[in-house]
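# Report on the structure
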Amino acid sequence: METKREIGIQIHSGKNRIVRRIFESLGYEVIKLDRVVYANLTKKDLPRGRWRYIEERELVQLKHLI
């Protein structure tokens, strides 16, 4: 059985490479980072390398963030 070597982390304000720097300062080797949510947009049910159109409600939410 393989050991699971993944961790989920949620940050609200991301400075340049902050997640990588935090874990490397703790002695962990960061192999890959994967952003799954950004500004309420998600990759759920979206295969790797694919894209989708933004829904109207998502566009409204993005405009409120500006």
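Remember, it's a predicted structure, so these values are computed and weren't measured experimentally.

### Considering the overall build of the chain
Secondary structure summary: the chain contains two helices and two strands in total. Helices (α) and strands (β) of the chain occur, in sequence order from the N terminus, as α-β-β-α. The C-alpha atoms of the chain give 15 Å as radius of gyration, which overshoots the globular expectation for 66 residues (11 Å, by more than 25%). Across its three principal axes, the chain shows a C-alpha extent of roughly 45 × 30 × 15 Å. Accessible area of the chain: about 7,200 Å², with a carbon and sulfur share of 53%. The average position of the 15 basic charges and that of the 9 acidic charges among the side chains of the chain differ by 4 Å.

### Looking at the packing of aromatic side chains
Within the structure shown, the criterion is met by two aromatic pairs. Their ring planes at 70° and their centres at 6.2 Å tell us that Phe 23 and Tyr 28 sit as a pair that is edge-to-face. Residue class for Phe 23 comes out buried when judged on its relative accessible area of 15%. For Tyr 28, a relative accessible area of 53% corresponds to the exposed category. Aromatic side chains Trp 51 and Tyr 53 sit 4.9 Å apart centroid to centroid with 80° between the ring planes, which places their arrangement in the edge-to-face category. Since its relative accessible area comes to 59%, Trp 51 is described here as exposed. Relative accessible area serves as the criterion here: at 67%, Tyr 53 is assigned to the exposed category.

### Re the confidence of the model for the chain
Confidence along the chain averages 84 in pLDDT terms, with 95% of residues attaining 70 or more. For the chain, per-element mean pLDDT is lowest for strand E1 (residues 37–38), which scores 82, and highest for helix H1 (residues 18–25), which scores 91.

Scoring rules and cut-offs
- Residues numbered from 1 in each chain as written.
- Predicted model: local features only at pLDDT ≥ 70, side-chain atom pairs only at ≥ 80, totals over all residues.
- Heavy atoms only, no water.
- Helix = DSSP H or I, 4+ residues; strand = E, 2+ residues; numbered from the N terminus.
- Rg over C-alpha atoms; globule rule 2.2 N^0.38 Å.
- Areas by Shrake-Rupley, 256 points an atom, 1.4 Å probe, with all protein chains shown as cover.
- Lys, Arg positive; Asp, Glu negative; His and termini not counted.
- Charge placed at Lys NZ, Arg CZ, Asp CG, Glu CD.
- Phe/Tyr/Trp six-rings, centres within 6.5 Å; stacked < 30°, edge-to-face > 60°.
- Buried < 20%, exposed > 50% of the residue type's maximum accessible area, 1.4 Å probe, protein only.
- pLDDT = per-residue confidence, 0-100.

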